Amino acid sequence: KRALDIIPMPLFPDPESLPLPDPIMDQIIKKPSNRQERPKIHKFELLTPIEKEAETEENVGKTPEEGNADGEAPKETTYANYSRWILQPKEVKKLCLRFKSNEVGVVDRQLAFEVVGGSKVFNLGLSGICDFPSVNTNPKNIFVRQKKTRPVNAPESYLAKYFITNEQLYEYGPLLIGKNPENRQEDIVKKVNSETFRITNNGRYSLHVDFALRSSAAGSNSIFTFEPESMELDVDQTEDLRVWAFPSESIPYQDELICLIKDNPTPLTVNIQCEGAKPEVEVDSDKVEFERLLLDQSVTKTVTVKNVCKIPVNWKLSGIDELPEEFAISVNEGTIQPLEEQVVEVTFKALKQQKFSHQITLQVEDTEGQAVTQAPIPIQLAAEAFDISVE
């Protein structure tokens, strides 16, 4: 009672006389979980297509109904770089992905989609490949024959039509000089003076490739020539490039075949080499001199013919038919391989008392029928037969 005397009773409003307040709605919102930081997506770009009316001279300042009898104005699509969208119920949004890379290789990324207020993440795997058009650069694919190293000793070192791995060049080997390039389609010329290189498209795109020679680009005439000048290759397609060599002098020749692939900054290059050669032999003596020989006796001497060039040669002795019966030649013609020798035996038999002085001629030419010859080499034959008379 004492407390009631100090604190007055509260005044309660009359619920019948005062209006009720408007209802208040509250919502319990749960604090969202911490969102993990998403890695930035490189080399891929997510684009939103946006259609809008295309502006043309006919419909500038006009409504769609005024600009088109069908009530539809032409549309054009632009792309916006958005990363958030508001979707109405059942709405579908079409998005575009753009891939761009300045590096060759495979690019894999994860694109994540989230719904505001939700905790689930929808991942979309992305994979893109950036590459140049390319051809197979493996020598085993390009060249028919390969050798790791060049043999040290001659004539084994005179390789012909081999790709030498440690030298990184294609060796045509010694070739006869003086051939006419206009005859390159003849079978014998193709077999000796040309080779086919296999060009294979092992890339992901169809390609165009042009061929050139380094010497031609420098403004010089080359002894090498090729067909065709360009190729169109589908994926995994292989075509043959034929390359000829026609040396004009007995010297080494080198050049570089360049394969220029469209849209590829790195060309394929092939070093090519050959050496011009002409028939050339040497004899150990240009005079065969027999000592005085008693009748009915015979002596044999030899002349050695050596091939000192890098190609095979044909040789022949002329003037043998004019020799008297006292002389006999073991062999008068044949073919000598590089650095090999041919021993010719000359036999003199004393049949009658007489002095003899004759000449035969060594003639040398190529083995391909191109009439490339060496200057004739004369060989002198001298002998004397005598008899002893006793009175």
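Since the model is a prediction, treat every value here as computed from it, not as a measurement.

### A short note on the packing of aromatic side chains
Here's step 1: Applying the stated criterion across every chain yields a total of 13 aromatic pairs.
Here's step 2: Judged by centre distance (5.2 Å) and plane angle (80°), the ring pair of Phe 143 and Phe 197 falls under edge-to-face. Here Phe 143, found in the loop between α3 (139-142) and β6 (146-147), pairs with Phe 197, found in strand β9 (residues 194-200); they are 54 residues apart in sequence, far enough to count as distant. This pair shows no difference in class: Phe 143 is buried, exactly as Phe 197 is.
Here's step 3: Among the aromatic residues, ring-to-ring pairing joins Phe 143, Phe 163, Tyr 170, Tyr 172, Phe 197 and Phe 224 into one connected group.

### Let's talk about the pattern of salt bridges
Two side chains with opposite charge may pair up if their charged atoms get near one another.
Here's step 1: Applying the stated criterion across every chain yields a total of 11 salt bridges.
Here's step 2: Between Glu 103 and Lys 43 there is a salt bridge, with its nearest N and O atoms 3.3 Å apart. Pair noted here: Glu 103 is in the loop between β3 (96-99) and β4 (105-114) and Lys 43 is in the loop between α1 (2-6) and β1 (44-53), with a separation of 60 residues, a long-range link.
Here's step 3: Given a relative accessible area of 52%, Glu 103 falls into the exposed group.

### A word on the environment of Gly 276
Here's step 1: Mapped onto the elements, Gly 276 comes out in strand β15 (residues 268-277).
Here's step 2: Separated by 35 residues in the primary sequence, Gly 276 and Ile 311 place their C-alpha atoms 9.6 Å from one another.
Here's step 3: The residues touching Gly 276, leaving out its near neighbours within four places in the chain, are Leu 175, Ile 177, Pro 247, Glu 249, Ser 250, Ile 251 and Tyr 253.

### With respect to the nonpolar core
Here's step 1: Judged by nonpolar contacts, the single largest core of 32 residues is most densely connected at Leu 317, Phe 327, Phe 348 and Leu 362.
Here's step 2: Of all elements in the fold, only β19 (298-307), β20 (313-318), β21 (327-329), β23 (341-349), β24 (354-366) and β25 (373-386) reach the threshold of two or more residues within this core.
Here's step 3: It is β25 that contributes the most residues to this core, 5 residues altogether.
Here's step 4: Setting aside residues no more than four positions away along its own chain, Leu 317 makes contact with Ile 329, Val 331, Asn 332, Val 344, Ile 360, Thr 361, Leu 362 and Ile 379.

### Details of the environment of Arg 84
Here's step 1: Checked against the element boundaries, Arg 84 lands in the loop between β2 (75-80) and β3.
Here's step 2: Through-space distance from the C-alpha of Arg 84 to that of Asp 26 is 28 Å; in sequence the pair is 58 residues apart.

### Considering the sheet that holds strand β12 (residues 230-233)
Here's step 1: Taken together, the 7 strands give an open sheet; going across it, the order is β6-β7-β8-β15-β14-β10-β12, and neighbouring strands pair in mixed fashion. Edge positions in the sheet fall to β6 and β12, since each has one partner strand and no second.

### Structural notes on the sheet that holds strand β13 (residues 238-245)
Here's step 1: The 3 strands lie next to each other as β9-β13-β11, forming an open sheet whose pairing is antiparallel. The strands lining the two open edges of the sheet, one partner per strand, are β9 and β11 (224-227). Averaged over all adjacent pairs, the angle separating strand axes in this sheet is 25°, with direction ignored.

### A few points about unusual backbone geometry
Here's step 1: Each neighbour pair has its own omega, and for Ala 154 with Pro 155 the value is 0°, a cis peptide bond.
Here's step 2: In this fold, Pro 155 is placed in the loop between β6 and β7 (162-164).
Here's step 3: At Gln 168, a residue that is not glycine, the phi angle is positive and equals roughly 55°.
Here's step 4: Tracing the backbone shows Gln 168 in the loop between β7 and β8 (169-176).
Here's step 5: We note that Leu 339 has phi near 65°; this positive angle belongs to a residue other than glycine.

Rules used throughout
- Residues numbered from 1 in each chain as written.
- Predicted model: local features only at pLDDT ≥ 70, side-chain atom pairs only at ≥ 80, totals over all residues.
- Heavy atoms only, no water.
- Phe/Tyr/Trp six-rings, centres within 6.5 Å; stacked < 30°, edge-to-face > 60°.
- Helix = DSSP H or I, 4+ residues; strand = E, 2+ residues; numbered from the N terminus.
- Buried < 20%, exposed > 50% of the residue type's maximum accessible area, 1.4 Å probe, protein only.
- Salt bridge = Lys/Arg side-chain N within 4 Å of Asp/Glu carboxyl O.
- Contact = heavy atoms within 4.5 Å.
- Core = buried A, V, L, I, M, F, W, Y, C linked by side-chain atoms within 4.5 Å.
- Pairing = 2+ DSSP bridges.
- Axes fitted to C-alpha atoms, helices over the stretch in contact; angles between N-to-C directions.

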